[in-house]
Amino acid sequence: ENALLVSQLPLSLFRNKFSILSTSPAHFHRRIGFTMSEGPYSRYGAGGSSAGYSSAPTRGSYSGSAPGYGQGYGGAAYGSSGASYSAPSPGGYGQQPSYSQSAGANENFGSSPNQVDTSNKGGKKSMALQALNKNVIMWAGFFTASLFVYFMMSGGDFSFLMTYGAMSRMFGFGILNVKTFLSKRATGVSVKTLQLYCLVFFFRLTSIIRHEGYLPYDKSGDWLYHVIEIMALLFTGCALWGCMCPFKSTYQGEMDKFGEMNVPPGMGALYLAVPVAILAILVHPNLNSDFLSDVAWTYAMYLESVALVPQLFMFQKQTSGVVELLTAHFVAALGFGRVMEFMFWIYSYHELATSAGSKLPGYLALFSQFMQLVLMLDFFWYYYLAVKNATPLVLPSHGTAMGIV
């Protein structure tokens, strides 16, 4: 109603009113700052002068700042605290943000890209922390069990390192079974490596069950070492069955191509199994004083040194280069077991002598284990980085494409 009455007043009255107000610039500033507008199309410069209407210092200089398109009155920028509101503007011009928006405007329009990235990084750190906690709990459980076995089921002899290495292998194949049967996938697992390890455990058991020449000296060699080797064989066979039967559709046979030259598909492990068998027959120790038993144990030791080669070969053949963390734990556990046994044989290799007294079998045992550890050095390094950052293991030849577990 007031707007209707004002519109009916004569134009001369407005002219007189403006002439009176213009005599008091300060009064004009206080009154007009909350009641009048220069129009939706007006532009004001940074210095407070209007763009094109007047250069008077009192025009377009409200509270020391100039509003732009769509900014509010009363000296407050769009989005600032206070009783501000948008200027009406036809054609949608008033909906555009100011060219000189303050920090308050950015907050009203939404989070900045940096804020979004920070949120995503926070989520990734949280996921990484959860994965890292799972890794720590898993390995902490293994080391706790190792301490229990050492103090309760071992005499504390140095030969416990053999039992410790066997425990680590069993732990590794346990991880592989958890990975395979919980995820119901056989991706990233080399069947050839599983085949070779089945041979390793089988031939070792045929030797240590009948004779005691290659058993640990402490109490763990009475029965615990046998149980660990039997469980490792069962875990390996179970993982092999899972990859070949229920989850065969997920097995990446096109990448598990080690040694497949002039042999039937899937039989590439023969290129490792046969030469090692010949070497074990020719060069073997004589601790059991039984040819078959000594050869069987020696064959298991030599073959274990090369059994991981197909798995490492498959890692290199994977397109993305990314290794699942549980698969990496499996390989790392086997490598850790080999480190334990290598430490034992460094001080005991001289006992691996032939019937003629030659220590060549001991030297070959040390050399084969050392070469396996050398082949795994880069794997251990990238495995350490993967566990530290809770990311999949990425081999160096494939760059740094990592993701969250």
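Just so it is clear, the structure is predicted and the values come from calculations on it, not from any experiment.

*Asks:* Describe in detail the overall build of the chain, supporting the description with residues and values.
*Replies:* Helix and strand counts for the chain stand at 14 helices and two strands. Taking the contacts inside the chain whose residues are at least 6 apart along the sequence as the reference set, 71% of them involve residues at least 24 apart. A total accessible area of about 21500 Å² is found for the chain, and carbon and sulfur atoms account for 65% of it.

*Asks:* Can you lay out the packing of aromatic side chains for me, pointing to particular residues and giving the numbers?
*Replies:* Applying the stated criterion to the full structure yields 32 aromatic pairs. Among the aromatic side chains, those forming a connected cluster through ring pairs are Trp139, Phe142, Phe143, Tyr150, Phe151, Phe160, Tyr164, Phe171 and Phe336.

*Asks:* Which residues make up unusual backbone geometry, and what values do they have?
*Replies:* A positive phi angle, close to 55 degrees, is found at Lys184, a residue other than glycine. Mapped onto the elements, Lys184 comes out in the loop between helix H6 (160-183) and helix H7 (191-208).

*Asks:* Please give an account of the side chain of Asp218 that cites residues and values.
*Replies:* Relative to the elements of secondary structure, Asp218 occurs in the loop between H7 and helix H8 (224-244). Among buried charged residues, Asp218 stands out as having no salt bridge; its nearest opposite-charge side chain is Lys219, 8.6 Å away. A polar side-chain atom of Asp218 sits 2.4 Å from a polar atom in the side chain of Ser154. Of note is the side chain of Asp218, whose polar atom sits 2.6 Å from the side chain of Ser220. With near-sequence residues (within four places) excluded, Asp218 lies in contact with Ser154, Gly155, Asp157, Ser159, Phe160 and Thr163.

*Asks:* Account for the environment of Val295, with residues named and values stated.
*Replies:* Here Val295 shows up in helix H10 (residues 291-306). Since its relative accessible area comes to 12%, Val295 is described here as buried. Separated by twelve residues in sequence, Val295 and Val283 have C-alpha atoms that sit 8.4 Å apart. Those residues within four positions of Val295 in sequence are excluded, and the remaining contacts are Ala280, Ile281 and His284.

*Asks:* For a nonpolar patch on the surface, give the residues involved together with the corresponding values.
*Replies:* A cluster of nonpolar side chains, namely Met267, Leu270, Val274, Ile278, Ile281, Leu282, Phe291 and Leu292, defines an oily patch on the protein surface of about 770 Å² accessible area. The leading source of residues in the nonpolar patch is helix H9 (residues 270-282), at five residues. Here Leu270 lies in helix H9.

*Asks:* Give a description of the confidence of the model for the chain that names residues and reports values.
*Replies:* Model confidence for the chain is summarised by a mean pLDDT of 74, while 64% of its residues fall at 70 or above. Averaged pLDDT values for the elements of the chain fall to 38 in helix H3 (residues 25-35) and rise to 97 in H7. Considering only residues more than four positions removed or in separate chains, one finds that residues 398-405, a stretch of pLDDT under 50, has 26 contacts.

*Asks:* Give me the lowdown on the packing of H9 against H10, citing residues and values where you can.
*Replies:* In a packed pair of helices, the relevant descriptors are the angle between the two axes and the axis-to-axis distance. As a packed pair, H9 and H10 sit with axes 8 Å apart at the nearest point and diverge in direction by 135 degrees. Considered as vectors, H9 and H10 are oriented oblique to each other. In this structure, H9 meets H10 at a crossing whose hand is right-handed. Residue-level inspection shows Leu272, Ala273, Val276, Ala277, Leu279, Ala280 and Ile281 of H9 in contact with H10, the latter providing Phe291, Val295, Thr298, Tyr299, Tyr302, Leu303 and Val306.

*Asks:* Just give me the short version of the pattern of salt bridges, but keep the residues and values in it.
*Replies:* Evaluated as defined, the whole model comprises 13 salt bridges. A salt bridge links Glu260 to Lys257; its shortest N-O distance comes to 3.7 Å. Residues participating in the shared-partner salt-bridge network are Arg169, Arg204, Glu229, Glu304, Arg338 and Glu341.

*Asks:* Outline the packing of helix H12 (residues 325-348) against helix H13 (residues 360-375), supporting the account with residue identities and numerical values.
*Replies:* For the pair H12 and H13, interaxial distance at closest approach is 10 Å and the crossing angle is 145 degrees. Of the two elements, H12 crosses H13, and the hand of that crossing is left-handed. Contacts from Gly335, Arg338, Val339, Glu341, Phe342, Trp345 and Ile346 of H12 reach H13 at Leu366, Gln369, Phe370, Gln372 and Leu373.

*Asks:* So what about the state of the cysteines? Which residues, and what values?
*Replies:* Among covalent bonds in proteins, the disulfide is the one between the sulfur atoms of two cysteines. The final tally for this structure, using the stated rule, is zero disulfides. Unpaired in terms of disulfides, Cys238 finds its nearest cysteine sulfur in Cys243, a separation of 9.7 Å. A residue is classified by how much of its surface remains accessible, and Cys238, at 31% relative accessible area, is partly exposed. Of the residues examined, Cys243 reaches a relative accessible area of 0% and is grouped as buried.

*Asks:* Lay out H6 in plain terms, naming residues and giving numbers.
*Replies:* Every α-helix carries 3.6 residues per turn, so stepping three or four residues along brings you back to the same face. For H6, with 24 residues, the first-to-last C-alpha span of 34 Å sits near the 34 Å given by 1.5 Å per residue. Taken across its 24 residues, H6 has 19 buried, putting it largely inside the fold. Lys184, located one to two residues past H6, shows a positive phi value of around 55 degrees.

*Asks:* Describe the side chain of Glu229, listing the residues and the values that go with them.
*Replies:* You can see Glu229 is positioned in helix H8. Judged by its relative accessible area of 0%, Glu229 falls in the buried class. At 2.9 Å, the side chain of Glu229 and the side chain of Arg169 are in polar contact. Discounting chain neighbours no more than four positions away, the residues touching Glu229 are Ala166, Arg169, Phe201, Arg204, Leu205 and Ile208.

Rules of the game
Residues numbered from 1 in each chain as written. Predicted model: local features only at pLDDT ≥ 70, side-chain atom pairs only at ≥ 80, totals over all residues. Heavy atoms only, no water. Helix = DSSP H or I, 4+ residues; strand = E, 2+ residues; numbered from the N terminus. Contact = heavy atoms within 4.5 Å. Areas by Shrake-Rupley, 256 points an atom, 1.4 Å probe, with all protein chains shown as cover. Phe/Tyr/Trp six-rings, centres within 6.5 Å; stacked < 30°, edge-to-face > 60°. Buried < 20%, exposed > 50% of the residue type's maximum accessible area, 1.4 Å probe, protein only. Lys, Arg positive; Asp, Glu negative; His and termini not counted. Salt bridge = Lys/Arg side-chain N within 4 Å of Asp/Glu carboxyl O. Polar contact = N/O pair within 3.5 Å; in protein donor to acceptor, adjacent residues only side chain to side chain. Patch = residues over 30% accessible without salt bridge, like charges linked within 9 Å, V, L, I, M, F, W, Y side chains within 5 Å. pLDDT = per-residue confidence, 0-100. Axes fitted to C-alpha atoms, helices over the stretch in contact; angles between N-to-C directions. Parallel < 35°, antiparallel > 145°, perpendicular 65-115°, else oblique. Left-handed = near helix turned anticlockwise from the far one by under 90°. Disulfide = S-S within 2.5 Å. Expected span 1.5 Å × (residues − 1).

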